[in-house]
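Architecture and fold: a report
What follows is the residue order along each chain.
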Amino acid sequence: HAKNCGKNNAKLYSSSLTMQIMSHVKLEVGLRRALQNNELYLLYQPQIDVPSGQIVGVEALVRWRHPERGIISPTEFIPLAEETGLIVPIGEWVLRTACAQARNWADMGTQPVRMAVNLSAKQFKDDNLTQIVLSALQETGLAPGLLELELTEGTLMDDARATMFTLEQLRGIGVYLSIDDFGTGYSSMNYLKRFDVRALKIDKSFISGLPQDSENAAITRAIIAMAHGLKMAVVAEGVETDEQLVMLEHYGCDLAQGYYLGHPSPPESVTLMLGNQYALATPATS
Ligand code: C2E
Ligand code: MG
Ligand code: MG
Ligand code: MG
């Protein structure tokens, strides 16, 4: 009886594994074509300056409009893009598209809006990274100071010497760097001190339990205190309620991002938000 059971399980397991592999391969073939078929697009999520409530930045978040499967989340296809190396051309497209959009907003003449772009580990290790960033800035005419690259702790801590070299090159161009999902990976305080990083983004898993969760509250306060001590700014990710925002303001958090403040949105919607904000902030002249 036990033997039978095992056999059935093995069969079930192998057929679902085959299905998984097949859909994985199909997805990979599709991803290769996604770029040339214009199936990728970017949404932009506002980043708010907590004291003033103004939008001072946006984060570019990629989406894949698959012809059969509909919209696929980056959590599903970015890992596949990393495995296959497709992240390099995809990342280059993301960077250029985001820089072009940021240049459009800069030309509107409203308050400056910084563009944050996610970089995965493979992109960060690519020898051409600095050149790719430089060409994206040159081709779009975006001021380097309006571009911020988001890296994770894992990417930064992997190879300290190489990391330091790449970070210095990027800072040399004039772009800013921030650490994404901070608190979920491994960071060496020693490196945090040495790396020239503008901001730490507190991972949304710490924000989601606020204001009730006293442990997450303690962690959030500690990250803010440490960042400020190291002259870094703090961005809270995943702010979903007014209570969370009030608490973060009380803790001295600099910037906030989350559904409560704005969902990842198409560029036209962000243009409207920026226009409204500018109209409200600028007294009408008669
Ligand atoms: P991330 O960089 O940490 O981006 C924040 C994620 O949190 C986004 O998910 C965003 O939609 C989501 N989010 C924003 N506000 C809230 C909120 O209030 N509550 C909750 N629960 N979630 C919120 P998304 O767009 O699905 O992206 C997931 C991840 O995929 C990103 O995490 C980033 O690591 C990666 N990713 C996205 N776009 C790119 C890209 O262009 N290049 C690379 N390399 N990675 C990307
Ligand atoms: Mg990010
Ligand atoms: Mg994050
Ligand atoms: Mg992330």
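Up top is the structure these notes are about.
The paragraphs below set out a description of the structure included in this document. This structure is a prediction, so every number in the text was calculated from the model and none was measured.

**Points about the packing of aromatic side chains**
All told, the structure shown has three aromatic pairs when counted by the stated rule. Taking the centre distance of 5.3 Å and the plane angle of 85° together, the rings of Y44 and W105 count as edge-to-face. Here Y44 is found in strand β1 (residues 40-49), whereas its partner W105 is found in helix α3 (residues 87-107), with 61 residues between them in sequence. The two residues Y44 and W105 agree in class, both being buried. Directly above the aromatic system of Y41 lies the positively charged group of R65, at a separation of 4.3 Å from the ring centroid. The positively charged end of R114 is found above the aromatic ring belonging to Y176, 5.1 Å away from the centroid.

**Quick look at the site of ligand 1**
The environment of ligand 1 is made up of 23 residues, and the closest members are R63, N118, D180, E240 and Y259. A distance of 3.1 Å separates an oxygen atom of ligand 1 from a polar atom in the side chain of K204. Taking E240, its side chain carries an N or O atom lying 2.5 Å from a nitrogen atom of ligand 1. When isolated, ligand 1 has an accessible area of 800 Å², and the protein chains bury 84% of it.

**A look at the coordination of the magnesium ion (ligand 3)**
Around the magnesium ion (ligand 3), the donor atoms from the protein are D180 (OD), D181 (OD), E237 (OE) and E237 (OE), and they sit 2.0 to 2.5 Å away. Taken in chain order, the donor set of the magnesium ion (ligand 3) reads D-D-x55-E. Between the two metals, the magnesium ion (ligand 3) and the magnesium ion (ligand 2), the spacing is 4.3 Å, and D180 donates to both. On the criterion of sequence distance, the pair formed by D181 in strand β6 (residues 176-182) and E237 in the loop between β8 (233-236) and α11 (242-251) is long-range, its members being 56 residues apart.

**Remarks on the packing of helix α10 (residues 214-229) against α11**
Two elements in contact, α10 and α11, have axes whose closest approach is 10 Å; the angle formed by their N-to-C orientations is 40°. When the axes of α10 and α11 are compared, the pair comes out oblique. As α10 runs across α11, the sense of the crossing is right-handed. Contacts between α10 and α11 involve A217, T220, R221 and I224 from the former and M247, L248 and Y251 from the latter. Looking at the contact of α10 with α11 residue by residue, the class counts come to five nonpolar, one polar and one charged.

**Quick word on the pattern of salt bridges**
One pass over the full model with this rule turns up eleven salt bridges. Between E139 and R96 there is a salt bridge; the shortest N-O distance is 2.8 Å. With E139 in helix α5 (residues 129-140) and R96 in helix α3, this residue pair connects regions lying 43 residues apart in the sequence. Assessed through its relative accessible area of 54%, E139 is described here as exposed.

Thresholds applied
- Residues numbered from 1 in each chain as written.
- Chains lettered and ligands numbered in written order.
- Predicted model: local features only at pLDDT ≥ 70, side-chain atom pairs only at ≥ 80, totals over all residues.
- Heavy atoms only, no water.
- Phe/Tyr/Trp six-rings, centres within 6.5 Å; stacked < 30°, edge-to-face > 60°.
- Helix = DSSP H or I, 4+ residues; strand = E, 2+ residues; numbered from the N terminus.
- Buried < 20%, exposed > 50% of the residue type's maximum accessible area, 1.4 Å probe, protein only.
- Lys NZ or Arg CZ within 6 Å of the ring centre and 35° of its normal.
- Near = heavy atom within 4 Å.
- Polar contact = N/O pair within 3.5 Å; in protein donor to acceptor, adjacent residues only side chain to side chain.
- Areas by Shrake-Rupley, 256 points an atom, 1.4 Å probe, with all protein chains shown as cover.
- Donors = N, O, S within 2.8 Å, 3.2 Å for Na, K, Ca; no water.
- Axes fitted to C-alpha atoms, helices over the stretch in contact; angles between N-to-C directions.
- Parallel < 35°, antiparallel > 145°, perpendicular 65-115°, else oblique.
- Left-handed = near helix turned anticlockwise from the far one by under 90°.
- Contact = heavy atoms within 4.5 Å.
- Nonpolar A, V, L, I, M, F, W, Y, C, P; charged D, E, K, R; others polar.
- Salt bridge = Lys/Arg side-chain N within 4 Å of Asp/Glu carboxyl O.

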